[in-house]
Amino acid sequence: MWDLSVIFSTTNLVTSLLGSIIGIIFGAIPGISTAMTVALFLPFTFAMEPIQAFAFLVAIYVTGAYAGAITAILIRTPGSPASAASVLDGYPMAQQGRAAEAISIATVASFVGGLFGSVILIGLAPHVANIAMLLGPPEFFAVGLFGLSIIASLSTDNFLKGILAACLGVLVSTVGIDPVAGTIRMTFGNRGLIGGVEFVSVLIGFFAFSEILKKIEERRKEADAPKMTVSGKLVSLKTVWSNFFNMIRSCVIGVLVGIVPAVGTGVGSWVSYNEARRAAKDKSNFGKGDPRGIFAAESANNAACGGALIPTLTLGIPGDHITAIMLGAFLIQGLTPGPTLFRDNPEIVMGIYMMFMVSVVFMFILGMLGVRVFAKILDIPLNILMPCVLILCLLGTYSNTMNIIDMRIALIAGVFGYFFQKAKFPIPPIILGLILGPLVEFNFRRALLMSNGDFSIFVTRPISAIFIFIAVMAFISPILSKQYKKYKEARNAKV
């Protein structure tokens, strides 16, 4: 039996609380990713006991995934890529004076997602992780293709613009070193681009800098406009209950995406958002301040945290870049993730399980206590708030890689984002293209190397064939639905 008094010792609980506070603070700063925060505080665990060390790191991981939604909702600047989907409905809610409600929705959804992820982690870790071992390059390509099929749903207003935006995202993702041949491509002689275009820089540019430019343009109009009021109303239990199935569906998607190595939590949030929109009878309010979008995105990205820890603990394969850094903590503690960890150190595995759940509880408490405090950011005058956001974004962008070129990329992306909004080009497909472009390209080429150029490898392997079929159907169904709607309208008009 495990000694729960040791696991839930005062030292471990205080350490977890400290990690939760750090995760929320750093996770909400644009450009300071959760991975960077974990790496920054990793040396502090050198002198800690194993359970205490993982209580600290897991708390940063869990709360960091949630905290990115705070700035995504308040100032249209995701604190992390996983929170980018929350911008679509969270920011419009803040503009409507419902910032406190939007943040409380994100907090509740993150809590549900975190608990769901922890239950799956505890109950199915050794069994579910084996599924990931069945996936090879064809399957990873098919999963990436399925993710790109979401573009069809996100671009129903103008499908062609959505496709062009996604192609731009994929094109930008190819800058740097060829992942298969190892050659340098599309850098135009700039050595700073050899490592590729940093995703965080583009994300901050498109969402944060473009919004700053937009606010500058609207400055004169806002002088005559009434001051926006921020309601302190939190999400109601009725709203939470009505989104229960939405959150469970999103949690399942988040966990499944999290289990697949190297896919990341951002993909899960976009897929869940798309599925929530697809399943809704009334889709007209999505992107305009619909709570269902926040429930879906935030429950998925926090459930993915538990999913990502499954292959990390059971196979020693990191589920994402954050758990890859956490593998270093295992080595520092003299532990080897994998089956031997469960056999030789079961008390540490149980400690990680329990501290994950404790972190989720701390995240919920701190989030709900801070909702009204967070919302007060919108009371700050724009001529003070926007320069502060600009400075934080520049500092966060630079500190992410210590490369000055990333600041320039963010500024350039901001200008493009501003004009894209003017031209009504959707931003989400660009972000999806950036996230999934490397995954699709790398595994497509690896699969063809495996089959000596035979394309049938993608349809002769069952898992790959199923995902490709679903992707094709997901891609064409909104188009067919739109055409059928036009046909019905034309037919009714004749009658």
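Q: Just give me the short version of the packing of helix α3 (residues 34–41) against helix α4 (residues 50–75), but keep the residues and values in it.
A: At a closest axis distance of 9 Å, the pairing of α3 and α4 adopts a crossing angle of 160°. What the angle tells us is that α3 and α4 run roughly antiparallel. Taken as a pair, α3 and α4 cross one another with a handedness that is right-handed. Counted together, Thr34, Thr37, Val38 and Phe41 of α3 and Phe56, Leu57, Ile60, Tyr61, Gly64 and Ala65 of α4 form the full contact between these two elements.

Q: Run through the packing of aromatic side chains, naming residues and quoting values.
A: Following the criterion strictly, the structure yields twelve aromatic pairs and no others. Centroid distance phenylalanine 420 to phenylalanine 425: 5.6 Å. Interplanar angle 35°. Geometry classified as tilted. Judged by its relative accessible area of 15%, phenylalanine 420 is buried. Judged by its relative accessible area of 23%, phenylalanine 425 is partly exposed. Ring centres of phenylalanine 444 and phenylalanine 458 lie 5.5 Å apart, and the angle between their planes is 5°; on these two criteria the pair is classed as stacked. Here the residue phenylalanine 444 occupies a position in helix α21 (residues 428–450), and phenylalanine 458 occupies one in helix α22 (residues 457–460), the gap between them amounting to 14 residues. Of the residues examined, phenylalanine 444 reaches a relative accessible area of 27% and is grouped as partly exposed. Using a relative accessible area of 5% as the deciding quantity, one classes phenylalanine 458 as buried. An aromatic cluster is built from Phe141, Phe444, Phe455 and Phe458, whose rings are joined through pairwise contacts.

Q: Describe in detail a nonpolar patch on the surface, supporting the description with residues and values.
A: A contiguous nonpolar patch, built from Ile466, Phe469, Ile470, Val472, Met473, Ile476 and Leu480 and spanning about 630 Å² of accessible area, is present on the exposed surface. The topology assignment puts valine 472 in helix α23 (residues 462–494). Residue classification places valine 472 among the partly exposed positions, given a relative accessible area of 42%.

About the thresholds
Residues numbered from 1 in each chain as written. Predicted model: local features only at pLDDT ≥ 70, side-chain atom pairs only at ≥ 80, totals over all residues. Heavy atoms only, no water. Axes fitted to C-alpha atoms, helices over the stretch in contact; angles between N-to-C directions. Helix = DSSP H or I, 4+ residues; strand = E, 2+ residues; numbered from the N terminus. Parallel < 35°, antiparallel > 145°, perpendicular 65-115°, else oblique. Left-handed = near helix turned anticlockwise from the far one by under 90°. Contact = heavy atoms within 4.5 Å. Phe/Tyr/Trp six-rings, centres within 6.5 Å; stacked < 30°, edge-to-face > 60°. Buried < 20%, exposed > 50% of the residue type's maximum accessible area, 1.4 Å probe, protein only. Patch = residues over 30% accessible without salt bridge, like charges linked within 9 Å, V, L, I, M, F, W, Y side chains within 5 Å. Areas by Shrake-Rupley, 256 points an atom, 1.4 Å probe, with all protein chains shown as cover. Salt bridge = Lys/Arg side-chain N within 4 Å of Asp/Glu carboxyl O.

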